[in-house]
Amino acid sequence: NLLKEVYLNASKSSSGSGQTADTAVNNFQEALNLVSNYGSIYVSGEVDIPDDVHMPSKLIFIKQQVDGDEAKLKFEKKLYLNNELYIKDVDIEFSSMDKDCIFTNEYSLELTNSEVIGKPNIFLGSEDKDLQEDSVAALRILNDNPSNNSIGNITLGGKDNHTVEDAAVTLKGINVEGIID
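Residues numbered from 1 in each chain as written. Predicted model: local features only at pLDDT ≥ 70, side-chain atom pairs only at ≥ 80, totals over all residues. Heavy atoms only, no water.

A. Spatial organisation of the overall build of the protein chain. Counting its secondary structure elements, the protein chain contains 1 helix and 17 strands. Here the C-alpha radius of gyration of the protein chain, 16 Å, is about what a compact globule of 181 residues would show, namely 16 Å. Each principal axis of the C-alpha atoms in the protein chain carries an extent, and together these give about 45 × 35 × 30 Å. Per-residue burial over the protein chain gives 48% buried out of 181 residues. (Helix = DSSP H or I, 4+ residues; strand = E, 2+ residues; numbered from the N terminus. Rg over C-alpha atoms; globule rule 2.2 N^0.38 Å. Buried < 20%, exposed > 50% of the residue type's maximum accessible area, 1.4 Å probe, protein only.)

Here it is in structure tokens:
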């Protein structure tokens, strides 16, 4: 059974059912497998994510667990969206040497009050193909208390000139190296 709310805490020695903070799962992929469409993952502490992440085809909210430790997702490789993703009050860090880290595949990515670390490059399209017409890729980064937030380049398309029909970008409280059309 998929869960509307999944709890994730990497400091747990073993994974539980994910249904409560006390029975949290301890890895990101397991949380993704358990969460339902329009469901939420509540994060406590730092979560290391060593492999490429291909998000499931479901709209997901990722939030800091109330009364939990400061939340951070530490991506060592790439993040690929397959539906809309909303992250609130959870920092994200990219440590890959390849800075082309986030591919939205024309889905919406929204980061609210989430520090972005590692200067990832964000592509609103795909890494390897042209995408469907009549879709709008959206990137929203909204930070009320900016600190050292910064990202590399935002590309209003995909890698290697793969096209995107329409793109919208809203930025508040973050530094951007450049926007590539």
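What follows picks up the thread again.
B. A look at the packing of aromatic side chains. By the definition in use, this model includes 6 aromatic pairs. Geometrically, the ring pair formed by Phe75 and Phe94 is stacked, given 4.9 Å between the ring centres and 10° between the ring planes. Within this pair, whereas Phe75 is found in strand 6 (residues 72-75), its partner Phe94 is found in strand 9 (residues 91-94), the two being separated by 19 residues in sequence. Of the residues examined, Phe75 reaches a relative accessible area of 3% and is grouped as buried. Using a relative accessible area of 2% as the deciding quantity, one classes Phe94 as buried. When the ring of Tyr80 is compared with that of Phe103, the centres are 5.5 Å apart and the planes differ by 15°; the resulting orientation is stacked. Here Tyr80, found in strand 7 (residues 79-80), pairs with Phe103, found in strand 10 (residues 100-103); they are 23 residues apart in sequence, far enough to count as distant. For Tyr80, a relative accessible area of 9% gives the class buried. (Phe/Tyr/Trp six-rings, centres within 6.5 Å; stacked < 30°, edge-to-face > 60°.)

C. Representation of the pairing of strand 2 (residues 35-44). Summarising burial for strand 2: 8 of the 10 residues are buried, a large majority. This β-α-β element, strand 1 (residues 3-9) to helix 1 (residues 28-34) to strand 2, shows right-handed connectivity. Here strand 2 runs beside strand 5 (residues 60-64); their pairing, made up of 5 bridges, is parallel. If you follow Tyr42 over to strand 5, its bridge partner there is Lys63. (Right-handed = clockwise from strand over helix to strand, strands pointing away. Pairing = 2+ DSSP bridges.)

D. Fine view of the nonpolar core. With 40 residues, the main nonpolar core has Phe28, Ile41, Ile62 and Leu73 as its most contacted residues. Ignoring sequence-local partners within four residues, the contact set of Phe28 consists of Leu8, Val47, Ile49, Val53, Met55, Ile62, Leu73 and Phe75. (Core = buried A, V, L, I, M, F, W, Y, C linked by side-chain atoms within 4.5 Å. Contact = heavy atoms within 4.5 Å.)

E. Molecular detail of a negative patch on the surface. Taken together, the side chains of Asp48, Asp51, Asp52 and Glu76 present a region of like negative charge at the surface. Mapped onto the elements of the fold, Asp48 is located in strand 3 (residues 46-49). (Patch = residues over 30% accessible without salt bridge, like charges linked within 9 Å, V, L, I, M, F, W, Y side chains within 5 Å. Areas by Shrake-Rupley, 256 points an atom, 1.4 Å probe, with all protein chains shown as cover. Salt bridge = Lys/Arg side-chain N within 4 Å of Asp/Glu carboxyl O. Lys, Arg positive; Asp, Glu negative; His and termini not counted. Charge placed at Lys NZ, Arg CZ, Asp CG, Glu CD.)

F. Region of interest: the environment of Leu142. In this fold, Leu142 is placed in strand 14 (residues 136-142). Assessed through its relative accessible area of 26%, Leu142 is described here as partly exposed. The residues contacting Leu142, other than those within four sequence positions of it, are Leu111, Thr112, Asn113, Thr170 and Lys172.

G. Spotlight on the environment of Asn27. Structurally, Asn27 is set in the loop between strand 1 and helix 1. You can call Asn27 partly exposed: its relative accessible area is 32%. Discounting chain neighbours no more than four positions away, the residues touching Asn27 are Leu8 and Ser15. Within the structure, Asn27 has its side chain in polar contact with the backbone nitrogen of Gln29 (distance 3.3 Å). (Polar contact = N/O pair within 3.5 Å; in protein donor to acceptor, adjacent residues only side chain to side chain.)

H. Structural view of the sheet that holds strand 2. One open sheet holds the 7 strands; their spatial order is 1-2-5-8-11-14-16, and the pairing between them is parallel. Single-partner strands in this sheet number two, and they are strand 1 and strand 16 (166-172). Between one strand axis and the next, the sheet turns by 10° as a mean value, whatever way the strands run. Direction of pairing for strand 5 relative to strand 8 (residues 85-88): parallel, over a ladder of 4 bridges. Opposite Ile62, over in strand 8, you have Ile87 as the bridge partner. (Axes fitted to C-alpha atoms, helices over the stretch in contact; angles between N-to-C directions.)

Such coordinate-based values are descriptive only and should not be taken to indicate function.
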